[in-house]
Amino acid sequence: MVTMRLICSTDARDGGERDMGLGIRRLNRVQDVVEEFGDDVEGSFLAMCARAPRDSLRHGVSPYDLTMFNTPQLELLVVELEELPEEEKTPVVRRVMEEAHETVRRAGYLLFIGD
């Protein structure tokens with residue numbers, strides 16, 4: 001049995017910080033977290049996904065829920081990201097591309113965690 005723990009942000013009224021934005025995790029074959037990072041302050045990755053054509057994998061990344069891509073899906077996602085105009089390849093988009101390549105090499109998963 002695989003258990004995945006998601007860390008929820010606390011409300012600022014409780015003295016905690018409010019963590020907003022898209023979280024991104026690279027998982028291994030048994031879905032352990034190997035790498036973890038997030039979208040930038042501007043939300044450039046999520047904005048790029050929202051502008052994507054409806055039939056693209058990018059468009060399927062949910063800003064509100066979990067979205068997980070397996071190896072065959074990631075191969076297609078990488079092609080989509082590599083075909084983006086250079087001005088849309090922000091540092092976080094490039095990081096997603098790198099992590100997706102690594103995930104494909106290691107037959108893992110890429111998990112996007114919406115708010």
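Residues numbered from 1 in each chain as written. Predicted model: local features only at pLDDT ≥ 70, side-chain atom pairs only at ≥ 80, totals over all residues. Heavy atoms only, no water.

Asker: Just to check I follow, could you spell out the packing of helix α2 (residues 71-82) against helix α3 (residues 91-105) for this structure?
Answerer: In a pair of packed helices, the angle between the axes and the distance between the axes together describe the arrangement. Look at α2 against α3: their axes get within 9 Å of each other, and the N-to-C directions meet at 150°. The chirality of how α2 crosses α3 is left-handed. Contact residues: α2 offers Thr71, Leu74, Glu75, Val78, Leu81 and Glu82, while α3 offers Val93, Val96, Met97, Ala100, His101, Thr103 and Val104. Residue composition of the contact of α2 with α3, by class: eight nonpolar, three polar and two charged. (Axes fitted to C-alpha atoms, helices over the stretch in contact; angles between N-to-C directions. Helix = DSSP H or I, 4+ residues; strand = E, 2+ residues; numbered from the N terminus. Left-handed = near helix turned anticlockwise from the far one by under 90°. Contact = heavy atoms within 4.5 Å. Nonpolar A, V, L, I, M, F, W, Y, C, P; charged D, E, K, R; others polar.)

Asker: What's the story with the confidence of the model for the protein in this structure? I'm lost.
Answerer: Residues shown with low pLDDT carry predicted positions that ought not to be read at fine detail. When the pLDDT values of the protein are averaged, the result is 86; 83% of them are 70 or greater. Contacts for the low-pLDDT stretch residues 1-18, under 50 throughout, to residues beyond four places or in other chains number 19 contacts. (pLDDT = per-residue confidence, 0-100.)

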